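# Notes for the structure review
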Amino acid sequence: MKALILALATAALIAAGPAAHAVQPEEVLPDPKMEERAREISKELRCLVCQNQSIDDSNAPLARDLRVIVRERLKAGDSNDQVMGYVTDRYGDYVLLKPPFKATTLLLWVGPFVLFAGGAVAVALYLRRRQGPGGTDTAPLTDDERRRLEALLGKDGV
Amino acid sequence: MRRLFYILPLLLFVIVGAAFYYGFQRDPREIPSVLIDKPVPEFALPPLPGRDKGLASADLKGDVQLVNVFASWCIPCKAEHPIITRLAREGGIPVRAINHKDKPADALAWLKTNGDPYASIGADADGRVSIDWGVYGVPETFLIDRQGRIRYKHVGPLTPDVVQDRILPLVKELRKG
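Small disclaimer: the values here were computed from a predicted structure and weren't measured.

About the thresholds
- Residues numbered from 1 in each chain as written.
- Chains lettered and ligands numbered in written order.
- Predicted model: local features only at pLDDT ≥ 70, side-chain atom pairs only at ≥ 80, totals over all residues.
- Helix = DSSP H or I, 4+ residues; strand = E, 2+ residues; numbered from the N terminus.
- Buried ≥ 20, exposed ≤ 12 C-beta atoms within 10 Å, placed from the backbone.
- Contact = placed C-beta atoms within 7 Å.
- Expected span 1.5 Å × (residues − 1).
- Bend = angle between axes of the 7 residues up to and from the residue.
- Axes fitted to C-alpha atoms, helices over the stretch in contact; angles between N-to-C directions.
- Parallel < 35°, antiparallel > 145°, perpendicular 65-115°, else oblique.
- Left-handed = near helix turned anticlockwise from the far one by under 90°.
- Pairing = 2+ DSSP bridges.
- Nonpolar A, V, L, I, M, F, W, Y, C, P; charged D, E, K, R; others polar.
- Arc of directions from axis to C-beta.

Helix and strand content of chain A: six helices and zero strands. Beginning at the N terminus, the succession of helices and strands in chain A can be written as α-α-α-α-α-α. Evaluated residue by residue, chain A yields a buried proportion of 15% over its 158 residues. Pairs at least 24 apart in sequence give 46% of the contacts found in chain A among residues at least 6 apart.

Broken down by element type, chain B carries five helices and seven strands. Taken from the N to the C terminus, the helices and strands of chain B come in the order α-β-β-β-α-β-α-β-α-β-β-α. C-alpha extents for chain B along the principal axes are approximately 80 × 35 × 30 Å. Of the contacts made within chain B by residues no fewer than 6 positions apart, 74% connect residues no fewer than 24 positions apart.

Time to look at helix α1 (residues 2-25) of chain B. Spanning 24 residues, α1 of chain B covers 36 Å between terminal C-alpha atoms, matching the ideal 34 Å at 1.5 Å per step. Along its length, α1 of chain B reaches its greatest deviation from straightness, about 35 degrees, at L8 of chain B, and the proline P9 of chain B lies no more than four positions downstream.

Residues and elements named next belong to chain B. Each neighbour pair has its own omega, and for V138 with P139 the value is -5 degrees, a cis peptide bond. Structurally, P139 can be placed in the loop between α4 (128-132) and β6 (140-144). In this model, D37 sits at a positive phi of 70 degrees, which is unusual for a non-glycine residue. Among the structural elements, D37 can be located in the loop between α1 and β1 (44-45).

Turning to the packing of helix α3 (residues 61-75) of chain A against helix α4 (residues 80-91) of chain A, a few remarks are in order. Residue and element names in this part refer to chain A. One way to put it is that α3 packs onto α4 with a least axis distance of 9 Å and a crossing angle of 140 degrees. In terms of their interaxial angle, α3 and α4 are classed as oblique. Seen along the crossing, α3 lies across α4 with a hand that is right-handed. Contact residues: L66, V70, R73 and L74 in α3; Q82, V83, Y86 and V87 in α4.

Bringing the sheet that holds strand β7 (residues 150-155) of chain B into the picture now. Hydrogen bonds between backbone groups are what pair the strands of a sheet, and the pairing can be parallel or antiparallel. Residue and element names in this part refer to chain B. Taken in spatial order, the five strands make up an open sheet running β5-β4-β3-β6-β7, and their pairing is mixed. Bordering the open sheet on either side are β5 (121-124) and β7, each of which pairs with just one other strand. For this sheet, the mean inter-axis angle between neighbouring strands, taken without regard to orientation, is 20 degrees. The sheet contact formed by strand β3 (residues 65-70) and strand β4 (residues 95-100) spans five bridges and is parallel.

Turning our attention to the pairing of β3 of chain B. Residues and elements named next belong to chain B. Burial within β3 is extensive, with six of its six residues counted as buried. Burial along β3 is two-sided: the residues Q65, V67 and V69 and L66, N68 and F70 are all buried. In this structure, β3 lies alongside β6, joined through five bridges in antiparallel fashion. Counterpart to Q65 in the pairing with β6 is I144.

All names here are of chain B. Mapping H154 onto the fold places it in strand β7. Residue classification places H154 among the buried residues on the basis of 21 C-beta atoms within 10 Å. With 33 residues separating them along the chain, H154 and I121 place their C-alpha atoms 19 Å apart. What H154 contacts, discounting residues up to four positions off in sequence, is E140, T141 and V162.

In this section: the packing of helix α2 (residues 32-44) of chain A against α3 of chain A. Residues and elements named next belong to chain A. As a packed pair, α2 and α3 sit with axes 10 Å apart at the nearest point and diverge in direction by 135 degrees. Between α2 and α3, the crossing angle belongs to the class labelled oblique. Viewed along their axes, α2 and α3 form a crossing whose handedness is right-handed. For the pair α2 and α3, contact is made by M34, R37, A38, I41 and S42 and by R67, V70, R71 and L74, respectively. When grouped by side-chain class, the residues that make up the contact of α2 with α3 number five nonpolar, one polar and three charged.

Another aspect to go through is α2 of chain A. Residues and elements named next belong to chain A. Here α2 is 13 residues long and its end C-alpha atoms lie 19 Å apart, about the 18 Å a rise of 1.5 Å per residue gives. Buried within α2 are the following residues: A38, I41 and S42. Mapping the buried residues of α2 onto a view down its axis gives an arc of 100 degrees, with all of them on the same face. Opposite its buried face, α2 presents the exposed residues P32, K33, E36 and E40, each directed more than 90 degrees away. Buried residues belonging to α2 abut α3 and α4.

In C-alpha cells, the structure reads:
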C-alpha cells in the first residue's frame, strides 16, 4: 500500500512538473514577452547535432549556443524573421523545421496535391469509361437474346 | 494509350527506385553548407596564450589554404591529425586552425603531444566564430581559395580518400586559376 501511494505521488509529481524542454534558467530573458518570442523561434529551429529535435528541446551544446544567440538577437531589436535569417545565413534552410516555400521546395509542397489531382482524374476517367456512352453498363438484350434466355430458363423449370 | 497504362507501374518503380538508390547513398547527417563559394565570415580570433599569431579573415586571402576546426576533447580530430600534418608538411598547403571551445592549456598540451602543423591558430573559446562558419560538429575542414572564398567543406575527420579525391584536385584547380 505504502509503495502504491509512493508510486502515485511520484507519478503526480512528474505529471505536474514543467514540460520537458532544455532551456536553462540562466538563459531566460527578463522580459516575458521577448522570452515567449525566443521560445517560439527556438521551436522552429532544428538542432544540427541531433537533427530531429528543435533547439528548444535539445541539450546539445550547439543548441544551447543557438538559443543564446536567438535571445541576443531579439535583445538587439531583431524581428523574428531577422533572427531566423541570422541562423539560416550560417546553416541554411536545413535548420528550419518547416521548409520554406520556394523554387527548390516546390515539389515538396505541391507534389501531394499534384498526385491527388492526378489520381482524381484517373478515377474520373475510369468511371466514365466503365459507365459507357449510353449511361448504362451494358447494351439492352435484343429480341433474339431474350427469346433464347426465356427458352433456357423455361427448360430448367425455374 | 492502353499500352502506356501497362508501362506506368514499371516507370513509377524505376523513378522511385532511382530516388531511393541515390537518396540512400547520401549521408543524412551531412548538411550542405550555405557558405560554399561565399567569402569567409568576418572574424578575428586571438592566439592561444603564449603564441603571437591568431586567425582573422585577412589571413585567408592570397593563397589556397585549409582551415581546420579542431578541439583537444575531440577524438576524431586526433584521428585525422596525421593526415592534416602530412597535407601541411608534404602537400605544401598552408593549414590554419580554429581551436573550437577548448581550454587553452588543454589545446597547447594536445598540440605538444600530437604535433602542430598549423600556420596559425585562432582560439574560439565560446564557439561564436565557429557558428559564423556554420560549424556543427568538429572536426570540420574548409578549403579557401585565393580570394578568401570558401570552396569546399568537409564535416568529420579527413580520410586519405577525401584528400585524394576531393581536396588535392580542387587545390590544384584553384591554384591554376
